[in-house]
Amino acid sequence: MKSSVITFPGSNCDRDMDVALKKFGFKNKMVWHNDAELPKSDLVVLPGGFSYGDYLRCGSMASKTKIMKSVVNFANSGGIVMGICNGFQILVETGLVPGVLLRNKYLEFICKNVFVKIINNNNAFFKNIDIEVLEFHIAHNEGNYFCTNDQLKEIEDNEQIAINYCDKNGNTEEQFNPNGSIKNIAGIFNKQKNVLGMMPHPERMIDPFLSGEDGSLFFSNLINNLK
Amino acid sequence: MIVNEQVAIDHGLKKEEYIKICELLKRTPNITELGIFSAMWNEHCSYKSSRLHLKKLPTKGKQVIQGPGENAGVVDIGDNDAIVFKIESHNHPSFIEPYQGAATGVGGIMRDIFTMGARPIANLNSLHFGSPQNKKTKNLLRGVVHGIGGYGNCMGVPTIAGQTNFDSSYNGNILVNAMTLGLVKKDKIFYSKAAGLNKPVIYVGSKTGRDGIHGASMASASFDEKIEEKKPTVQVGDPFTEKLLLEACLELMAGDSIIAIQDMGAAGLTSSSIEMASKGNLGIEINLNKVPCRETKMTPYEIMLSESQERMLIVLEKGKEEKAKKIFDKWNLDFAIIGKTTNSKKIELFFDNKQVTDIPINTLVENSPMYDRKWKKAKLPKKNKIKKEDLKNLKIMDVLKKVLSNPNVCSKEWIWRQYDHTVMGDTIQKPGGDSGVVRVHGSDKAVAASVDSSAVYCWAHPLTGGKQVVCESFRNLISVGAEPIAITNCLNFGSPENEDNMGEFVECVQGIGEAAKYLKFPVVSGNVSFYNQTKEVGIKPTPSIGGVGLIKDYKKMITMDFKEVDNIVLVIGKTEGHIDQSLFARNILDEKNGPPPEVNLFNEKNNGETLLKLIDAGHIKSAHDVSIGGIITAVAKMCIKGNKGINLKKPKYLINEIEYYFAEDQGRYIIEVSNDRLKKVADILNKNAVHYDELGTINDGQLFINEKSKITIDELKTSNTNWLKDYMNK
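This one's a predicted model, so the numbers in the text were calculated from it and none came from an experiment.

Definitions and cut-offs
- Residues numbered from 1 in each chain as written.
- Chains lettered and ligands numbered in written order.
- Predicted model: local features only at pLDDT ≥ 70, side-chain atom pairs only at ≥ 80, totals over all residues.
- Helix = DSSP H or I, 4+ residues; strand = E, 2+ residues; numbered from the N terminus.
- Rg over C-alpha atoms; globule rule 2.2 N^0.38 Å.
- Buried ≥ 20, exposed ≤ 12 C-beta atoms within 10 Å, placed from the backbone.
- Contact = placed C-beta atoms within 7 Å.
- Nonpolar A, V, L, I, M, F, W, Y, C, P; charged D, E, K, R; others polar.
- Axes fitted to C-alpha atoms, helices over the stretch in contact; angles between N-to-C directions.
- Parallel < 35°, antiparallel > 145°, perpendicular 65-115°, else oblique.
- Pairing = 2+ DSSP bridges.
- Core = buried A, V, L, I, M, F, W, Y, C linked by C-beta atoms within 7 Å.
- pLDDT = per-residue confidence, 0-100.

Let's shift gears to the overall build of chain B. When you go through chain B residue by residue, the secondary structure sums to 26 helices and 28 strands. The C-alpha radius of gyration computed for chain B amounts to 26 Å, which stays within 12% of the reference 27 Å derived for 730 residues, consistent with globular compactness. Projected onto the principal axes, the alpha-carbon positions of chain B cover approximately 85 × 50 × 45 Å. Within the span of chain B, comprising 730 residues, buried residues form 62% of the whole. At a minimum sequence separation of 6, the contacts of chain B that also span at least 24 residues come to 85%.

Structure (structure tokens):
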């Protein structure tokens, strides 16, 4: 399986993603934002970080780079694309997934483990994961997912919600929401479910010595689903 | 502008210093030259009050590759890997403008590290704020934490450990000390020593603006009521540009184009150009019209003294200009050839085709003033007699709850949750433990780092305090299973022109030196921050020690959380019942006098090294050093982290129970051992003449003392975690 990780100026989880993808069997290539062509890929990842310093709206500058034209074309032709954290912010700026990401409710950066409940596993990302709740890790300042009521209805009707913040038993009450996102949303799909944007970083959960191992479960499952 | 004595004094120079400048130059300096002298001769850059004493610190060791004098210290960790590290203060700017002050402090120290070719792999910080009741404290704390996070998070470097203390002596002068560790291959370390004639001098990074002009001079003076006027001397940080600069520099460093490199930190272009030339025994010529400027009509004076951030100066091999430019173009950074090295041994600056500066470099560096300031030796205070009846009325669990919720003991999670501590995917011990630990990427090794200070002990008796803080750093590394290698120190003091403050400095340095020498824990880098005072009131003497250690096999790392019910808990090291200057004495008995606990270097070394042997042999389940709050505070924290309880039984000592549990005797650790290893562990401790007491057995939910008083772990947690959160959200 071939994967590509895009490096924007200011990306800082690109190496971590490279390490994770390779660990679970992907042949990964790092792709520079200024390249026009995407290498042949089974998976394209927009990594976390602070592309262009997040000085404008998070992700907005990166969404206008040369490579993103190719990524959008790739996604529109059914290619599997995943945006993590800043990558999620870039995805909403391209319009590949609906909504926006606002500043966290308590106006603070949050770095901690969270639990997420898989809402839709009928897709390449979560198919065959037989548990409902995963322990993931978040590290962000702007993860407060927001959309209009009409958009929300559409997202729900199309089953585009991927994962919601919850407690370890899968309860999705507001109190388990770290950043104030609407409906506890932590990640969403596009309509076709080949594009996933999510705030948590599975690449930081690939080793028992790190924050946990549910990232290992996620990646090993992902590569099998793509085969 | 005409330069005279008054202009020199306005630049922070003393009258005698101005006279010396005129003598050295054999003429009156022009305003640009005066600016350069004032920048190079201020306390921050010249170390004029401290140099004499810093020389006494031990700086060599078998693992030391580079000691003080470079951008940072470097130590060998085997397999051609080396760790570059340093701690630095950004106190004055952080008080004036907390967000930018703290942010640029973090940016500056990271630049020192990657200037040497190392990729930063961990950040730490040591923060001291005024009393929580002081009306400025909350906003300063919030601003500083946001600033540190804002910069470090954007850079993608994990902030893995730190400490935050509160004391009214910092009401008018907070301390923000930032530390960074970087990883480099031993044969790819870059230095700041220029070499060769007519080599191009390159400017890269951000453009030069009018921000931070005379920042280093501001940091070399006390504060007064006009402090707000100093806001323009604070630099503005741009972590995004620094991230690009980091990647571009490391890309250029992978080749062989660089002869010397120096970041533009304090005193900007002035100190970076002069330091490179001075170390190479060369001259340097710069055309200031070539310097990329952010604003129009900047004068030579402003260009030379700007402290705009995210800039580097490089002496390049001839013929490599195009190759280098390509890399900086790729990263969208400014790149300009602004001058060359010469054999004049002078700094010569040109602007609009006129020479505006002509100063022999040795007058700025070797001939800079050095003072043997007057200082007063501190007496060891007399011991207090604690009345036994005062202790009898205290309920131990109430005291414990108070201690756990004390601002200087309580959990700092509100702070470190705002720092990205997991990026780079190698953080195996997060903030909140004895040391932060990161793996050396792709290897079995890990590096542990901790930052400590004990201002109360240093204030009570500087010599003992200086020793103690080095020992505490040593213990924090050992507690996670790391072999201590070396330290970096950030020496925060009041005015060196005051005999008492100077005495505190001299004796703390002496204490640090004695402990570092005995423990074979050399000082490889650091900085001095004097004038942490507002009008006549100085801070408590606060040396911050950043320690670095190596874990050869990261799978053997130890954490402090209690692991298993029925395991046995021991305390290593003798408890004499030293209460003076303890958190208990100061906050519960309200007794602020008395000597700090004595430091016995033999015991420190012996206890620590023995514990390392036990850890290496796999006998230890959890460990934690005993520091402020004593045995019971350490044990309670291990209960909280592990979500376990303990049945404590005081050994039969002559001292009272409260004294036993809250005393702050040094050289102690709490360790957890399984029943089947207990005999083996006891044998090893006995064989090495290490004193130990058996404290009790781990249970699954409550902390008991003598089977009488008890408290649930949830209660302990509430006491420990709520104070800071509540304080900040009030």
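Let us now look at the environment of Val145(B). Residue and element names in this part refer to chain B. For Val-145, the location among the structural elements is in helix 8 (residues 137-155). With 273 residues separating them along the chain, Val-145 and Gln-418 place their C-alpha atoms 7.5 Å apart. Those residues in contact with Val-145 that sit more than four places away from it in its chain are Ile-415 and Gln-418.

Before going further, it helps to examine the interface of chain A and chain B. Chain A puts 23 residues into the contact, and the matching count from chain B is 22 residues. Contributions of two or more residues to the side of chain A that touches chain B are made by helix 1 (14-23), strand 6 (110-118) and strand 7 (133-140) of chain A. Of the residues forming the side of chain A that touches chain B, the biggest block, three residues, is contributed by strand 6 of chain A. Of the residues assigned to the side of chain A that touches chain B, the class counts are 12 nonpolar, six polar and five charged.

Residues and elements named next belong to chain B. In this model, Lys-26 sits at a positive phi of 60°, which is unusual for a non-glycine residue. Despite not being glycine, Lys-345 has its phi angle at roughly 55°, a positive value. By secondary structure assignment, the location of Lys-345 is in the loop between strand 11 (334-342) and strand 12 (346-351). Using a count of 15 C-beta atoms within 10 Å as the deciding quantity, one classes Lys-345 as partly exposed.

Attention shifts here to the packing of helix 3 (residues 31-41) of chain B against helix 11 (residues 268-280) of chain B. All names here are of chain B. In the contact formed by helix 3 and helix 11, the axes pass within 10 Å of each other and the chain directions differ by 75°. Considering their axes alone, helix 3 and helix 11 lie roughly perpendicular with respect to each other. Within the contact between the two elements, helix 3 uses Ile-36, Ala-39 and Met-40 and helix 11 uses Thr-270, Ser-271 and Ile-274.

Turning our eyes to something else, we now look at helix 1 of chain A. All buried positions along helix 1 of chain A are accounted for by Asp14(A), Asp16(A), Met17(A), Asp18(A), Ala20(A) and Leu21(A). Looking one or two residues past helix 1 of chain A, Gly25(A) carries a phi angle of roughly 105°, positive in sign.

Right, let's talk about the sheet that holds strand 4 (residues 119-129) of chain B for a bit. Residue and element names in this part refer to chain B. Strands sit in the order 1-2-3-6-4-5 across an open sheet of six strands; the sheet is mixed. In this open sheet, the two strands that pair with only one neighbour each are strand 1 (64-66) and strand 5 (159-166). Put simply, the sheet's adjacent strands are angled 20° from each other on average, direction ignored. Two strands pair when backbone bridges link them, and strand 4 and strand 6 (residues 175-185) are joined in this way by nine bridges, in the antiparallel orientation. Opposite His-128, over in strand 6, you have Leu-175 as the bridge partner. The strands touched by helix 8 within the sheet are strand 4, strand 5 and strand 6, with strand 4 carrying the most contacts at an inclination of about 175°.

For the rest of this paragraph, the subject is the nonpolar core. Grouped burial of nonpolar side chains is what soluble globular proteins tend to show. Counting 291 residues, the largest nonpolar core has Val447(B), Val470(B), Val635(B) and Ile670(B) as its most contacted members. Not counting residues within four places of it along the chain, the set of residues in contact with Val470(B) comprises Ile487(B), Ile512(B), Ala515(B), Ala516(B), Leu519(B), Phe521(B) and Ile545(B).

Residues and elements named next belong to chain B. Looking at the secondary structure, you find Trp-459 in helix 18 (residues 455-460). Residue class for Trp-459 comes out buried when judged on the 21 C-beta atoms lying within 10 Å of it. Here the alpha-carbon distance between Trp-459 and Lys-540, two residues 81 residues apart in the chain, equals 5.6 Å. With near-sequence residues (within four places) excluded, Trp-459 lies in contact with Lys-540 and Pro-541.

Moving on, we come to the confidence of the model for chain B. When pLDDT is low, close inspection of the predicted coordinates is not appropriate. A residue-level look at chain B finds 98% of positions with pLDDT of 70 or above and a mean pLDDT of 95. ipTM for the predicted complex: 0.97, alongside a pTM of 0.96.

To continue, consider the pairing of strand 9 (residues 283-287) of chain B. In summary, the side chains of a regular strand alternate between the two faces of the sheet. All names here are of chain B. The element strand 9 is extensively covered by neighbouring structure, given that four of its five residues are classed as buried. By the bridge criterion, four bridges tie strand 9 to strand 11 in an arrangement that is antiparallel. If you follow Ile-286 over to strand 11, its bridge partner there is Gly-339. Sheet topology note: the strand 9/strand 12 ladder contains four bridges and is parallel. Opposite Glu-285, over in strand 12, you have Glu-348 as the bridge partner.

Residues and elements named next belong to chain B. Secondary-structure assignment places Pro-597 in the loop between helix 21 (583-588) and helix 22 (601-616). Classification of Pro-597 by C-beta neighbours within 10 Å gives buried; the count is 22. In this structure, the C-alpha to C-alpha distance between Pro-597 and Asp-665, residues 68 residues apart in sequence, is 5.6 Å. Discounting chain neighbours no more than four positions away, the residues touching Pro-597 are His-578, Glu-664, Asp-665 and Gln-666.

Bringing the packing of helix 16 (residues 396-404) of chain B against helix 23 (residues 630-642) of chain B into the picture now. Packed helix pairs are specified by the crossing angle of their axes together with the interaxial distance, meaning the distance between the axes. Residues and elements named next belong to chain B. The contact between helix 16 and helix 23 brings their axes to 10 Å, and the two run at 70°. As far as their axial angle goes, helix 23 and helix 16 are roughly perpendicular. Within the contact between the two elements, helix 16 uses Leu-400, Val-403 and Leu-404 and helix 23 uses Ile-632, Thr-633 and Ala-636. For the contact of helix 16 with helix 23, the class distribution of residues is five nonpolar, one polar and no charged.

Residues and elements named next belong to chain B. Spatially, the six strands line up as an open sheet ordered 14-15-16-21-17-18, and their pairing is mixed. In this open sheet, the two edge strands, each paired with only one partner strand, are strand 14 (427-429) and strand 18 (523-529). Geometrically, the sheet is characterised by an average inter-axis angle of 20° between neighbouring strands, direction not taken into account. In terms of strand pairing, strand 14 meets strand 15 (residues 436-439) through two bridges, oriented antiparallel. Its bridge partner being in strand 15, Gln-429 is matched across the sheet by Val-437. Packing against the sheet, helix 20 (residues 499-518) makes contact with strand 17 (483-492), strand 18 and strand 21 (542-551), and its axis sits at approximately 175° to strand 17.

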